[in-house]
Amino acid sequence: MEGSHYDGIADWYDGEFQTLPLESETWHAVLRLLDGERQGALIDVGCGTGSYAAGLTERGWEVTGVDASEDMLRRAQEKGVHAIRADAASLPLGDSSFDGAISVFTHTDVDDFRAVVGEIARVLRPATPFVYVGAHPCFVGPHSTYDTELGLPEFHTGWYRRVGRYTEAPGISKSSGLRMRVGANHLPPRPLPTDLPRRRFPTRANRGARGA
């Protein structure tokens, strides 16, 4: 497996984006959609530096974090997370191994989100929850620059339908610097595998979740 776009920035990422992760709207959305105190074996796909995995471990889940970045996994393991390096589209785990799954803000980082969702479905036991939290692509992508003063996005025409990875675009934020470092994969709603989860396992939509 090749290296990750996130290698070499884990310390910066934790300090910039994960200062108070367990007080965030995202964290509370994950807990709500996982049915609160439900416990068992859980997989966090794209666990990054492990903040959500560590929090779920404290709540009684037996968490396995998965990420492609050795650097991000280093931070996760420092937080006590059991984590493995793997391609999310080809998980080295057995069928029906987990009682729950989460994945947070990953569809902009993986090349084949449909394959990732299919793998998560494969390793989940029947009728167990999968929580995905991600920013809607109409607001985050090569076409959209977020105005922090107005609290509104500014849209750039001609970019929205350009599906695939981008490293240069009007929507690359100059303020946070994350996409300048790692790029992103743009996936408008039509190619999103919205039908696959309903066929393979039950999900709930969290339409209010927002992401950076």
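Structure report, in brief. (Residues numbered from 1 in each chain as written. Predicted model: local features only at pLDDT ≥ 70, side-chain atom pairs only at ≥ 80, totals over all residues. Heavy atoms only, no water.)

1. Some words on the overall build of the protein
- In terms of helices and strands, the protein carries seven helices and nine strands.
- Expressed as a percentage of the 212 residues in the protein, the buried residues total 46%.
- Put simply, 69% of the contacts in the protein that link residues at least 6 apart link residues at least 24 apart.
- Of the roughly 11000 Å² of accessible surface on the protein, a fraction of 49% belongs to carbon and sulfur atoms. (Helix = DSSP H or I, 4+ residues; strand = E, 2+ residues; numbered from the N terminus. Buried < 20%, exposed > 50% of the residue type's maximum accessible area, 1.4 Å probe, protein only. Contact = heavy atoms within 4.5 Å. Areas by Shrake-Rupley, 256 points an atom, 1.4 Å probe, with all protein chains shown as cover.)

2. Some words on the layout of surface pockets
- When its volume is computed, the second largest pocket comes out at roughly 1100 Å³.
- Residue lining of the second largest pocket: 49 residues in total, with Y6, G46, F105, T106 and D109 positioned closest to the centre.
- Of all the secondary structure elements, the ones that give two or more residues to the lining of the second largest pocket are α1 (10-17), β1 (41-45), β2 (62-67), β4 (100-104) and α6 (178-182).
- Top contributing element to the lining of the second largest pocket by residue count: α1, with three residues.
- Looking at side-chain class alone, the lining of the second largest pocket contains 25 nonpolar, 14 polar and 10 charged residues. (1 Å grid on protein atoms, 1.4 Å probe; cavity = no way out; pocket = protein on both sides within 12 Å on 5 of 7 lines; lining within 4 Å. Points joined across faces, edges and corners; volume = space filled by probe spheres on them. Nonpolar A, V, L, I, M, F, W, Y, C, P; charged D, E, K, R; others polar.)

3. Some points on empty space enclosed by the protein
- According to the stated counting rule, one finds one cavity of 30 Å³ or more in the structure shown.
- By volume, the largest cavity amounts to about 30 Å³.
- Lining the largest cavity are H107, T108, P137, V140, G141, Y166, N185, H186 and L187.
- By residue class, the composition of the lining of the largest cavity is four nonpolar, five polar and no charged.

4. Observations concerning the nonpolar core
- Formed by 21 residues in total, the largest nonpolar core has its most connected members in V30, L34, L42, L56, I102 and V131.
- Residue assignment for this core shows that the elements contributing at least two residues are α2 (25-33), α3 (51-58), α4 (70-78), β4 and β5 (130-133).
- Those residues in contact with I102 that sit more than four places away from it in its chain are V30, L34, L42, I43, D44, V45, Y52, L56, F130 and V131.
- Counting 18 residues, the second-largest nonpolar core is a separate cluster that includes A86, A88, V117 and L187. (Core = buried A, V, L, I, M, F, W, Y, C linked by side-chain atoms within 4.5 Å.)

5. With respect to the pattern of salt bridges
- Evaluation of the coordinates by the stated rule reveals 12 salt bridges.
- For R122, the salt bridge identified is with D95, shortest N-O distance 2.7 Å. Placement of the pair is R122 in helix α5 (residues 113-123) and D95 in the loop between β3 (82-85) and β4, with a sequence separation of 27 residues.
- The closest approach of N and O atoms between R122 and E119, which form a salt bridge, is 2.8 Å. (Salt bridge = Lys/Arg side-chain N within 4 Å of Asp/Glu carboxyl O.)

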